Amino acid sequence: MAQDAPSQTTAAAETDAPAYGDILVTAQRREERIQDIPIAITALGGDQLSSAGMVSLDSIAPRVPSVYFGSFGALRPQLYIRGIGTRSFDPGSESSVGVFADEVYLGRSSGSFGSLKDIERVEVLRGPQGTLYGRNTIGGAINVITKAPTATFEAVAEAGISNFDGWEVFGAAGGPITSNGTIQFRVAGWHTERDGYVTNLATGTKFQGVDNTGGRIRLAIEPTDGWRIDLTGEYLHDGDKAGFGGINQGTGRTAGGAPANPGSVFFASPARLPNLIRPESLRAGFLNFDPTLDRDSYSGVARVEGDLGFATLTSISAYKKLKVRDSRDLDGSSLDTLSQIGIERSNQYTQELRLTSNPDGATSFDGKLDWIIGAFYYKDKSSRDDIFRVGVDSAPRVAFAGAQVPPVASTPATDIVSANYNIKSYAIFGQATIHFTDALELTLGGRYTEDKKRIAFVDTTTDALPIIAAGFSVNVDRKYTSFDPRAVLSYKISPDLSVYASYSTGFKSGGFQYAPFNAAAAGTVFAPEDIKTYEIGVKSDWLDRRLRVNLSAFHYDYANLQVSRIIDTASGPQTLITNAAGSKVDGVELEVSMHPSDNLDFGFNYGYLDAKYDNYVFNLGQNLTFDGTTLVRAPKHSISVNGEWRIPFGDNKVTLAASYSLLSDFFHEPGEGNPIYGSGIPLTAEEGYGLLDLRASVDFASNFRLTAYASNVLNTDYRRTVNALGATVVGFAGQPRIIGLRGTFTY
């Protein structure tokens, strides 16, 4: 149960007493105080999430050290922890940060990030989590825990409005169904809608907004003492207002210092460039294709948990179905050059079995040993079609038309890349903590994983000219295995001060290219990533637990880092994922929370990263490397500060809160913005920026809360990501100032 704001002072002498703002978490598959876990972890409770208006994972990222969240929209998230992440989104490659909902692994990134509604807490674990979480958690893991059925009836209703014609409604209720409480329920539903903040001036369509509908129902059954069955069903939908598109930014300077060419557009015919209409900002531009989005996600989870005396048996079975369709103008300009429609379907099934020792069980040896063993199975069957429309202003179409005898008017062409994926993964794992004394403990664990992957590519083209020179079909099979150990030594100097040192490895599966345009690219397979991590940390509470200071320092030794780039080829730019030979990451993270009084909170988080590529070739056949340059989306400094002041008056309460997050300069593409790596690379460098959020609320004695909020108060211009299409860069605007009012009634 989350404990967001204890109402009474707790004596520091009580070693099991929670500190102010403490949250009990299940990051290690058993309930523990966050300060007792020798891991770099940040947790946010449900009340903290809702009161601060954090309704998605991208709004959480600034509150956590060394975490970056960007995206091309709901289907293409870019989540990085400590400089480790991925821009890939198709079934052929997978995320470096695992996302889990109620302990269920969400394998497809295009369906992983939904609205955070009716949430108990969110846990962010930094660093490889290969032992207990497994595949593709090489950067870290995020646990989203939804609210469970309750033994007493409770309900909440919420409605709000915002600028950009935004409005939202949310409701949830739960409680017992039977008089003895052996059957309980919880149901929640919501709809959020807001016009986009980017406008296609050619059509007037606004996009990059919110259009989310969802519902969740949970049923808990306790058939006998010590046994519980928890059933969950969920539906999520995102519509067109949430469509994503970028605005063309042209190219930067060349290595020779030639002036920038603002008219250069991806794949465009030079003869068409005089017709280009330059955008005034990233929030408005003339596009020939409106972005669209249609995502439906269905999921069902059955969790069975039983007390066997010596241990607790847990079975989690889950099924998730995903259907998505989106489209966008790829070059982000007024020219009819290249647009794309993506259609993806996925069916995912997971099964996990665990045995977790009971503290008072016979196999715990009077509390001297905590252990967990388990097995995991994952299956994903997916298909994806990418339909590319090569327009009349593109260089290939204009050249083709001019080469005819006699010359003819340019016409569009269509190229289609279709792929079918079949992924199976098996794992067994175990972890044990030996309590040598009340102060000293050693944790040892390991996980063996086996991935089997198969893909079938079929590419077609209407005239064998534009971007696919000839139709082809390619079938590829791969098998990957890994054993990932973990060792942690921790020592509790006092009840409120502990230190730890850990060593762990991580594994991210290899995979296949996204939308290859020729058979050679389709057959190019990238290898798995491997990481060795060394970390030391301090966790401490001071001043009767009113001051918390947590510090961690780490070193990563990375092999075969998977990097997605769009490079120029003879037939035009081509997305290609390759393995950087290695990289090194060093960092320090500091988390401070202060509670000077029962009604006043302050927080400060700082992350320092020194993340460099090591022996990474720029392009085969060229004497140029990325050696010593900074990893993408790894700002050297990330800072967040926040404060909350609760002012009682009578039976009511006023709350004033502010948060400010700051990122130093970082890079969306390898090369640190240096034009020697391409004329568009300078435009992929992102200047540091800060975002200020404000909130004021009134809690009335009648269980009603009225909240006014403003995010990005200073209306800072920034890019949430870029798409570097060869020499041309398309920028995606970050969210501008959002102002809203929300009313919440609880029962």
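Everything numeric here is computed off the predicted structure, so don't read it as measured data.

### What about the overall build of the protein?
And then number 1: Helix and strand content of the protein: four helices and 40 strands.
And then number 2: Projecting the C-alpha coordinates of the protein onto the three principal axes gives extents of approximately 90 × 55 × 50 Å.
And then number 3: Looking at the protein as a whole, 56% of its 747 residues qualify as buried.
And then number 4: When the accessible surface of the protein is summed, it comes to about 28600 Å², and 59% of that surface belongs to carbon and sulfur atoms.
And then number 5: Charge separation in the protein, taken as the distance between the mean sites of 67 positive and 83 negative side-chain charges, equals 3 Å.

### Some words on the nonpolar core
And then number 1: Counting residues in each nonpolar core, the largest one holds 34 residues, and the members touching the most others are Phe388, Val417, Ile455, Phe457 and Ile467.
And then number 2: Going through the elements one at a time, β23 (369-390), β24 (413-435), β25 (440-461), β26 (472-494) and β39 (728-733) are the ones with two or more residues in this core.
And then number 3: Ile84, Ile138, Leu609 and Val632 belong to the second largest nonpolar core, which has 28 residues in total.

### Topic: the packing of aromatic side chains
And then number 1: With the rule as written, the count across this model stands at 21 aromatic pairs.
And then number 2: Between the aromatic rings of Tyr235 and Tyr298, the centroid separation amounts to 5.2 Å while the plane-to-plane angle is 40°, which identifies the pairing as tilted. A residue pair is termed long-range when its members are at least 10 positions apart, and Tyr235 in strand β17 (residues 227-238) and Tyr298 in strand β20 (residues 292-307) qualify at 63 residues.
And then number 3: Relative accessible area serves as the criterion here: at 35%, Tyr298 is assigned to the partly exposed category.
And then number 4: For the ring pair Phe244 and Phe732, a centre distance of 6.3 Å and an interplane angle of 15° mean the geometry is stacked. Of this pair, Phe244 sits in the loop between β17 and β18 (247-248) while Phe732 sits in strand β39, placing them 488 residues apart in sequence.
And then number 5: The structure contains a cluster of three or more aromatic residues connected by ring pairs, namely Tyr68, Tyr80, Phe666, Tyr689 and Tyr718.
And then number 6: Across from the ring centre of Tyr133, 4.1 Å away, lies the NZ or CZ of Arg29, which sits over that ring.
And then number 7: Directly above the aromatic system of Phe554 lies the positively charged group of Arg82, at a separation of 3.8 Å from the ring centroid.

### Here's the deal with the environment of Val588
And then number 1: You can see Val588 is positioned in strand β30 (residues 572-597).
And then number 2: Using a relative accessible area of 33% as the deciding quantity, one classes Val588 as partly exposed.
And then number 3: A C-alpha to C-alpha distance of 9.2 Å links Val588 and Pro65, two positions 523 residues apart in sequence.
And then number 4: Apart from residues no more than four positions distant in its own chain, Val588 is found in contact with Leu551, Ser552, Ala553, Phe554, Tyr606, Gly607 and Tyr608.

### Re the sheet that holds strand β9 (residues 119-126)
And then number 1: If you trace the five strands from one edge of the open sheet to the other, you get β3-β9-β10-β7-β8, paired in mixed fashion. Two strands in the sheet have a free side with no partner beyond their single neighbour: β3 (41-45) and β8 (104-105).
And then number 2: Note that β3 and β9 share five bridges and pair antiparallel. When the bridges of β9 are listed, Ile41 appears paired with Leu125.

### Details of the pairing of strand β4 (residues 67-71)
And then number 1: The element β4 is extensively covered by neighbouring structure, given that five of its five residues are classed as buried.
And then number 2: On β4, burial covers both faces: Val67, Phe69 and Ser71 on one face and Tyr68 and Gly70 on the other are all buried.
And then number 3: In terms of strand pairing, β4 meets strand β5 (residues 77-81) through five bridges, oriented antiparallel. Directly across from Ser71, in β5, lies its bridge partner Pro77.
And then number 4: The loop that links β4 with its antiparallel partner β5 comprises five residues; one of these, Gly73, has a positive phi angle of about 125°.

### Quick word on the side chain of Ser346
And then number 1: As for its position among the elements, Ser346 is in strand β22 (residues 338-357).
And then number 2: For Ser346, a relative accessible area of 3% puts it in the buried group.
And then number 3: Only 2.8 Å separates the side chain of Ser346 from the side chain of Asp380, close enough to count as a polar contact.

### Some points on helix α3 (residues 395-403)
Since there are 3.6 residues in each turn of an α-helix, residues three or four apart along the chain are aligned in direction.
And then number 1: Along α3, the residues classified as buried are Pro396, Arg397 and Ala401. Axial view of α3: buried residues confined to an arc of 130°, hence all on one face.
And then number 2: The inward-facing, buried residues of α3 contact β23 and β24.

### Here's the deal with the sheet that holds β39
And then number 1: Pairing is antiparallel in the open sheet, where three strands are placed in the order β18-β39-β38. The two strands at the open ends of the sheet, each matched to only one other strand, are β18 and β38 (719-725).

The rules behind these values
Residues numbered from 1 in each chain as written. Predicted model: local features only at pLDDT ≥ 70, side-chain atom pairs only at ≥ 80, totals over all residues. Heavy atoms only, no water. Helix = DSSP H or I, 4+ residues; strand = E, 2+ residues; numbered from the N terminus. Buried < 20%, exposed > 50% of the residue type's maximum accessible area, 1.4 Å probe, protein only. Areas by Shrake-Rupley, 256 points an atom, 1.4 Å probe, with all protein chains shown as cover. Lys, Arg positive; Asp, Glu negative; His and termini not counted. Charge placed at Lys NZ, Arg CZ, Asp CG, Glu CD. Core = buried A, V, L, I, M, F, W, Y, C linked by side-chain atoms within 4.5 Å. Phe/Tyr/Trp six-rings, centres within 6.5 Å; stacked < 30°, edge-to-face > 60°. Lys NZ or Arg CZ within 6 Å of the ring centre and 35° of its normal. Contact = heavy atoms within 4.5 Å. Pairing = 2+ DSSP bridges. Polar contact = N/O pair within 3.5 Å; in protein donor to acceptor, adjacent residues only side chain to side chain. Arc of directions from axis to C-beta.

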